[in-house]
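# Chain and residue survey
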Amino acid sequence: MSSVARAPGRVNLIGDHTDYTGGLVFPMAIDRDTTIVFEQSPENSPGEPTRSASTRADAVSLTSENFEGTVQFDLPVTDAAAVRPTWGRYVAGVAAAMTERSLPVRGFHGRVATEVPIGGGLSSSAALEVAAALAFGIDTDVATLAAVCRRAEHLATSVPCGIMDQLTSAAGVKDHALLIDCHTLDVTPVRIPESLAVWVVEISSRTLDGSEYPARVAQCAAAEREIGPLRLADLESADRIADRTIRSRARHVVSENERVRDFAAALVAGDAREAGRLMYASHRSLSRDFETSTKQMDEAVDGISRVPGVHGVRMTGGGFGGCVVVLAEDDAPIGTAVSAGTLVMRVRAADGASLATPLS
Ligand code: GLA
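Going along each chain's sequence as written, the residues are numbered from 1 onward. The model is predicted, so local features are restricted to residues of pLDDT at least 70 and side-chain atom pairs to those at 80 or more, both for listing and for counting; the totals for chains, interfaces and linings are taken over all residues. Side-chain metrics rest on all non-hydrogen atoms present in the structure, leaving aside hydrogens and water.

## Things to note about the pattern of salt bridges
Within this document, salt bridges are pairs made up of a side-chain nitrogen of Lys or Arg and a carboxyl oxygen of Asp or Glu, the two lying within 4 Å of each other. A complete count under the given rule lists 18 salt bridges for this structure. A salt bridge links Arg259 to Glu256, with the shortest nitrogen-to-oxygen separation between them at 2.9 Å. Placement of the pair is Arg259 and Glu256 together in helix 7 (residues 244–268), with a separation of three residues, close to one helical turn. The same class applies to Arg259 and to Glu256, which are both buried. Residues joined by salt bridges that share partners form a network here, namely Asp16, Glu256, Arg259 and Arg314. Put simply, DSSP H or I for four residues or longer makes a helix, DSSP E for two residues or longer makes a strand, and each gets a number counted from the N terminus. When accessible area is computed with a 1.4 Å probe and restricted to protein chains, residues below 20% of their type maximum are described as buried, those above 50% as exposed, and intermediate ones as partly exposed.

## Observations concerning the packing of aromatic side chains
Ring pairs shown here join Phe, Tyr and Trp side chains whose ring centres sit within 6.5 Å, with only the six-membered ring taken for Trp; geometry is labelled stacked below 30 degrees between planes, edge-to-face above 60, and tilted in between. Under the criterion given, the structure shown has four aromatic pairs. Ring plane angle 65° and centroid distance 5.5 Å describe the contact between Tyr20 and Tyr213, whose orientation is recorded as edge-to-face. Residue Tyr20 is located in the loop between strand 1 (3–14) and strand 2 (24–40), and its partner Tyr213 is located in helix 5 (residues 213–227); the two are separated by 193 residues in the primary sequence. Like Tyr213, Tyr20 is buried. Linked through ring pairs, Phe38, Phe108 and Phe136 together constitute an aromatic cluster.

## Description of the site of the ligand
Proximity criterion: a residue is near a molecule or strand once any of its heavy atoms comes within 4 Å of it. In the region of the ligand, 13 residues are neighbours, and Asp16, His17, Asp19, Asp165 and Tyr213 sit closest. Counting of polar contacts relies on pairs of N or O atoms within 3.5 Å, with two restrictions inside protein: one atom must be capable of donating a hydrogen and the other of accepting it, and residues adjacent in sequence are counted only when both atoms are side-chain atoms. In the model, an oxygen atom of the ligand is placed 3.1 Å from a nitrogen or oxygen of the Arg10 side chain. Only the protein chains shown count as cover for residues, and the accessible areas themselves come from Shrake-Rupley with a 1.4 Å probe. Protein coverage of the free-state accessible area of the ligand, which is 310 Å², stands at 96%. Applying the majority rule of atoms within 2 Å of the grid points places the ligand in the largest pocket. Each residue gets one label: Ala, Val, Leu, Ile, Met, Phe, Trp, Tyr, Cys and Pro are nonpolar, Asp, Glu, Lys and Arg are charged, and the others, such as Gly, are polar. Split into classes, the residues belonging to the shell around the ligand amount to five nonpolar, four polar and four charged. Points on a 1 Å grid over protein atoms alone make up a cavity when a 1.4 Å probe fits among them but cannot get out, and a pocket when they form an open set with protein on both sides within 12 Å along at least five of seven lines; lining residues each have an atom within 4 Å of a point. If over half the atoms of a molecule are within 2 Å of the grid points of a cavity or pocket, the molecule is regarded as sitting in it.

## Comments concerning the packing of helix 1 (residues 88–100) against helix 3 (residues 142–156)
A fitted line through C-alpha atoms serves as each axis, taken over the contacting stretch for helices, and the angle formed by two N-to-C directions is quoted from 0 to 180°. Packing of helix 1 against helix 3 leaves a shortest axis separation of 7 Å and a crossing angle of 120°. On the basis of their axis angle, the class for helix 1 and helix 3 is oblique. For helix 1 against helix 3, the interelement crossing comes out right-handed. Mapping the contact onto sequence places Arg89, Tyr90, Gly93, Val94, Ala96, Ala97, Met98 and Glu100 in helix 1 and Val148, Arg151, Ala152, Glu153, Leu155 and Ala156 in helix 3. Class assignment of the residues belonging to the contact of helix 1 with helix 3 gives a composition of nine nonpolar, one polar and four charged. Should an angle lie under 35 degrees it is considered roughly parallel, over 145 roughly antiparallel, and from 65 to 115 roughly perpendicular; all remaining angles are considered oblique. Handedness of a crossing is defined here by the sense of rotation of the near helix relative to the far one, left-handed for an anticlockwise turn of less than a right angle and right-handed for a clockwise turn. We call two residues contacting when some pair of their heavy atoms lies within 4.5 Å.

## What about the side chain of Thr114?
Note on placement: Thr114 falls in strand 5 (residues 108–114). Separated by 2.6 Å, the side chains of Thr114 and Thr34 make a polar contact. Within the structure, Thr114 has its side chain in polar contact with the backbone nitrogen of Val116 (distance 3.0 Å).

## Points about the sheet that holds strand 9 (residues 310–316)
For two strands to be treated as a pair, DSSP must find no fewer than two bridges joining them. Strands sit in the order 9-10-8-11 across an open sheet of four strands; the sheet is antiparallel. Every interior strand has two partners, whereas the edge strands, strand 9 and strand 11 (344–347), have only one. Neighbour to neighbour, the strand axes of the sheet diverge by 25° on average, direction disregarded. As paired strands, strand 9 and strand 10 (residues 322–329) are joined by six bridges and run antiparallel to one another. From the neighbouring strand, Met315 faces strand 10, where its bridge partner is Val324. Helix 8 (residues 272–289) contacts strand 8 (196–204), strand 9 and strand 10 of the sheet and is inclined by roughly 30° relative to strand 9.

See below:
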């Protein structure tokens, strides 16, 4: 009988490039899923003839509705980054990360499909990792599940990502955004007022692999060597950093942590205007101090900000392309501000990953 592992993408409302210094983020899981329909491979009974790679308990075989080719590898995985086709690296990375933690990994054969735009900054890779971990039979708390999947991304790619995407996909709560402290991994769901709508506009498809993301992580580490943990620092100490670039990066992180706190409070108070103001300030900080926006994204933020009913717009996720996120009244005509053919999605906050064995 087939099982179904489902994991959502995410959009971050505010708090970008703060997670890998243990800062605050405010994402929500979205109602767009990656789904793996699979059968766990039974153990070979003694004396039984060896099965084919697609059904052995120590092997994985996976096809995709979105990509060509079949991903096939044996367990345990030795080099996740070498697995082809390349989307299979994330799946193999999860198996390798589970093995590193001595978690049992069970092979499966199945098919993956996703509704999360790929390379759009909505965590398509995290959704694949979390769904794969469930298919491998992971049985841990959500924080460990997320940590394993974050490690998988490190093993699969050259992106030293933080934990936001994987934790959001694992821990999402319907109708709520998540205030996450990336140091303690405390997750506090905050209800999104019903009158507010969240939209995502795709500006460009890209991958963080090969981007300046690792350089930003290194610059934040350099700032921390000078002034200590950025999550505890204030703007005064950030301003004491001698190097101009490192100082700007630190200023972004310190001010963004503060904006996340204020944004959560504004949502609780139902103050959409203040929430919107903080989103614009976050975008400016990411664009000027952190330099992860692009001209196209800046223009989109500007254009969409003029649509009646829009409270706030900002780039979301790792940047260097990807999506902008919009907080608006329910009936705001977002599509009028973008060119024909641009992907515009109204998204709703969804529950995190789950595993189901359907009746058949
Ligand atoms: C990517 C990473 C996350 C986070 C964001 C920026 O999505 O995977 O860990 O760093 O960029 O906030």
